[in-house]
Amino acid sequence: MAYQQQQVPSNFQQYQPSISPSYHQQQQQAMQSILSNQDAYAIQRQQQQQQQQGQGNVGDEEYNRLLKNYKLAHERIEEQRLQMLEQEKQNALLRKHITLLEGGDSATASVVGSHVSGGGGSTVDDFTIKNSSSGLERRINRWAADTLSEQSRLAPTPPPGSNFGSHLALIPLAEALYADLDNASESPFLEALRSQQFDYPGLGLVVQSLLRHVMSQMLSEGIVNELLVTNSEDANRELTKLHEQLFNREPLVASVWRRQTFSAAVESLDPIMSSALFAEHMPRLFALINPNPRELSVPLSTILEASYTFSRMLHASKSPGGGGGAMESSGFYRAYVPELGSVLDPNRLELIKRCYRTERGELERVGACLFPGLVKVSAINTAPAPTTSLRLGGTQPKPVTKRETRVFVVRRAQVICECALAAVPGLLNPAPPASSVATSSTASSSQS
């Protein structure tokens, strides 16, 4: 079948898209703006790269300015370092002068680059004091035991078949001790012993304890609490009074003065001064155990030398300061011995033997002091809390500084109670127990 071409109508028109001339212009403008933006970005990128390269390279002027500033800063730092070195030298000289004033050696003063604890002069702490006290206590205990054995050995031998007890040989020693003791009449136990003429089977323990008590009295009142600087009793007494006056006015000055004075103290006491000490504090006992008053026996001389060394250690050394600063480091040490027959105070006394009365809460008394206690007396400046005064327009008045004296127990006194001394049967008129004493006193008061 042959293909027949259809005839197109005469009124038919073919579709042709019409493009306006404005469309071509818009495309051209868009392309030009894109090209111009690319050129501007490239130029900006190139400028940034040039700036970065320019920052890495410093010109001669900038380099010279920076170098000049660096030299000035280095010179200023070097000047400050030299000033600090000069200040350290001045501080070292001041420490050296302070050390000389405190009675120490100038060679111990700290210099630049070295540090010395304590700021000059030797210091003594509580641990050293306790160790030295324990050594001296053992020495006194040994002396008391040797004295007791010596008196028992020198006693005449009793005839065979007699009822002469070994304790009767100690009666002269007990009588001498009773005469030398302070406030012996205040002890009910010693009064009961004296009433039966010291005929007591347990007299050995009593005499040994009282020997230590008498030696503790001499150590406290005659050596530690007195400034034994010279071999003159009058001079030592005046120096002790002067130290008390200085401490009441200026504690720090008193501390420096005390260390300076003891730096020139005698190394040991001469025989006359030593005999005078024993004759003052234990005259009856000293005449009994030391027949030659002009020369001390070897045991007494050893005890006195150890006691004097202990006293010099306390007074000649610088006590370490605590929270109170220099005022607290100006403190000094004092010894104390409790009175016979006084009530036991656990804050100041320490029992060497177990006391059942104290554990039951009953009243117990001191039988003897075996070694004195030690306290540190310090002066502390205290200021009250600041207050606001309405009369002064809300201003705070200047607080008034007050000086307070504090006493710190370094080592408690070693004591033995009366019930431990009266533990051996044979006391005719023993001291009544605390409960009976309280009951009788209550009954008498109710009757009256």
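Please refer to the structure higher up on the page.
My aim in this report is to walk through the structure given alongside it, one point at a time. Note that the coordinates shown come from a computational prediction; the quantities given were computed from them, not determined experimentally.

1. Structural notes on the overall build of the chain
A tally of helices and strands in the chain yields 14 helices and six strands. In the chain, the share of contacts with a sequence separation of at least 24, taken over all contacts with a separation of at least 6, comes to 75%. When the accessible area of the chain is evaluated, it comes to approximately 28,600 Å², of which 52% is carbon and sulfur surface.

2. Focus: the sheet that holds strand β2 (residues 349-351)
Strand order in this open sheet of three strands is β2-β6-β3, and the pairing throughout is mixed. Both edges of this open sheet fall to β2 and β3 (366-371), since each of them pairs with a single strand only. Strand after strand, the sheet turns through a mean of 40° between neighbouring axes, direction not considered. Bridge count for β2 against strand β6 (residues 413-417) is three bridges, and the pairing is parallel. Within β6, the position partnered with E350 by the bridge is Q414. Across the face of the sheet, helix α6 (residues 203-224) comes into contact with β3 and β6 while running at roughly 60° to β3.

3. Some details on helix α8 (residues 251-263)
Here α8 spans 18 Å end to end across 13 residues, near enough to the 18 Å set by a 1.5 Å rise per residue. Among all positions of α8, only P251, A254, S255, W257, R258, R259, T261 and F262 are buried.

4. Considerations on the nonpolar core
Burial of nonpolar side chains together is a common tendency in soluble globular proteins. The biggest cluster of nonpolar side chains holds 79 residues, and the ones touching the most others in it are L190, V207, M215 and F278. Take this core: its biggest share by element is eleven residues, from α6. Aside from chain neighbours lying at most four places away, what touches L190 is Y178, L181, A184, L210 and L340.

5. Notes on the packing of aromatic side chains
Overall, the coordinates contain four aromatic pairs when judged by the stated rule. Both rings, one in F247 and one in F332, keep their centres 4.9 Å apart while their planes meet at 85°; by these two values the pair is edge-to-face. One end of the pair, F247, is in helix α7 (residues 233-249); the other, F332, is in strand β1 (residues 332-336), with 85 residues separating them in the sequence. Judged by relative accessible area, which is 10%, F332 ranks as buried. In this arrangement the basic side chain of R348 is found over the ring face of Y336, its NZ or CZ atom lying 4.1 Å from the centre.

6. Quick notes on α7
Note on helix geometry: an α-helix contains 3.6 residues per turn, so any two residues three or four positions apart are oriented the same way. Look at α7: 25 Å from first C-alpha to last across 17 residues, which is about the 24 Å you get at 1.5 Å a residue. Taken together, the buried positions of α7 are N236, L239, T240, H243 and F247. Each buried residue of α7 lies within a common arc of 100° when the element is viewed along its axis, so the set occupies one face. Away from the buried face of α7 by more than 90 degrees, exposed residues D234, N248 and R249 are located.

7. Description of unusual backbone geometry
Despite not being glycine, Q197 has its phi angle at roughly 55°, a positive value. Within the secondary structure, Q197 sits in the loop between α5 (188-195) and α6. Not every positive phi belongs to a glycine, and F198 is a case in point at roughly 60°. Looking at the secondary structure, you find F198 in the loop between α5 and α6.

8. Quick word on empty space enclosed by the protein
By the definition in use, this model includes two cavities of 30 Å³ or more. In this model, the largest cavity occupies a volume close to 80 Å³. Lining the largest cavity are V224, N225, L227, T240, H243, E244, H315, F332, Y333 and R334. Secondary-structure elements contributing two or more residues to the lining of the largest cavity are α7 and β1. Among the residues forming the lining of the largest cavity, the class breakdown is four nonpolar, four polar and two charged. For the second largest cavity, the calculated volume is near 60 Å³. For the lining of the second largest cavity, the secondary-structure elements that each account for two or more residues are α6 and β4 (373-382). Residues of the lining of the second largest cavity, tallied by class, amount to seven nonpolar, two polar and one charged.

9. Here we look at the packing of α6 against helix α11 (residues 298-316)
The N-to-C vectors of α6 and α11 enclose an angle of 45°; their axes lie 10 Å apart at closest approach. In terms of orientation, α6 lies oblique with respect to α11. The hand of the α6/α11 crossing is right-handed. On α11, the residues touching M215, M218, L219, I223 and V224 of α6 are L300, I303, L304, S307, Y308, F310, S311, L314 and H315. Split by residue class, the contact of α6 with α11 holds eleven nonpolar, three polar and no charged.

10. What to know about the pattern of salt bridges
Taken as a whole and assessed by the stated rule, the structure comprises eleven salt bridges. Salt bridges sharing partners connect three or more residues here, namely E137, R212 and R411.

11. Let's talk about the side chain of H281
With respect to the secondary-structure elements, H281 resides in helix α9 (residues 271-281). Once residues lying within four places of it in the same chain are set aside, the contact partners of H281 are D180, V214, M218, E221 and G222.

12. As for the environment of L363
With respect to the secondary-structure elements, L363 resides in the loop between α12 (356-359) and β3. Residues L363 and L344 lie 19 residues apart in sequence; the distance between their C-alpha atoms is 8.0 Å.

13. With respect to the pairing of β3
For β3, the buried fraction is high: six of the six residues fall into the buried class. In terms of strand pairing, β3 meets β6 through four bridges, oriented antiparallel. When the bridges of β6 are listed, V366 appears paired with C417.

Conventions used here
- Residues numbered from 1 in each chain as written.
- Predicted model: local features only at pLDDT ≥ 70, side-chain atom pairs only at ≥ 80, totals over all residues.
- Heavy atoms only, no water.
- Helix = DSSP H or I, 4+ residues; strand = E, 2+ residues; numbered from the N terminus.
- Contact = heavy atoms within 4.5 Å.
- Areas by Shrake-Rupley, 256 points an atom, 1.4 Å probe, with all protein chains shown as cover.
- Pairing = 2+ DSSP bridges.
- Axes fitted to C-alpha atoms, helices over the stretch in contact; angles between N-to-C directions.
- Expected span 1.5 Å × (residues − 1).
- Buried < 20%, exposed > 50% of the residue type's maximum accessible area, 1.4 Å probe, protein only.
- Core = buried A, V, L, I, M, F, W, Y, C linked by side-chain atoms within 4.5 Å.
- Phe/Tyr/Trp six-rings, centres within 6.5 Å; stacked < 30°, edge-to-face > 60°.
- Lys NZ or Arg CZ within 6 Å of the ring centre and 35° of its normal.
- Arc of directions from axis to C-beta.
- 1 Å grid on protein atoms, 1.4 Å probe; cavity = no way out; pocket = protein on both sides within 12 Å on 5 of 7 lines; lining within 4 Å.
- Points joined across faces, edges and corners; volume = space filled by probe spheres on them.
- Nonpolar A, V, L, I, M, F, W, Y, C, P; charged D, E, K, R; others polar.
- Parallel < 35°, antiparallel > 145°, perpendicular 65-115°, else oblique.
- Left-handed = near helix turned anticlockwise from the far one by under 90°.
- Salt bridge = Lys/Arg side-chain N within 4 Å of Asp/Glu carboxyl O.

Any functional reading would require information beyond the geometric quantities listed.
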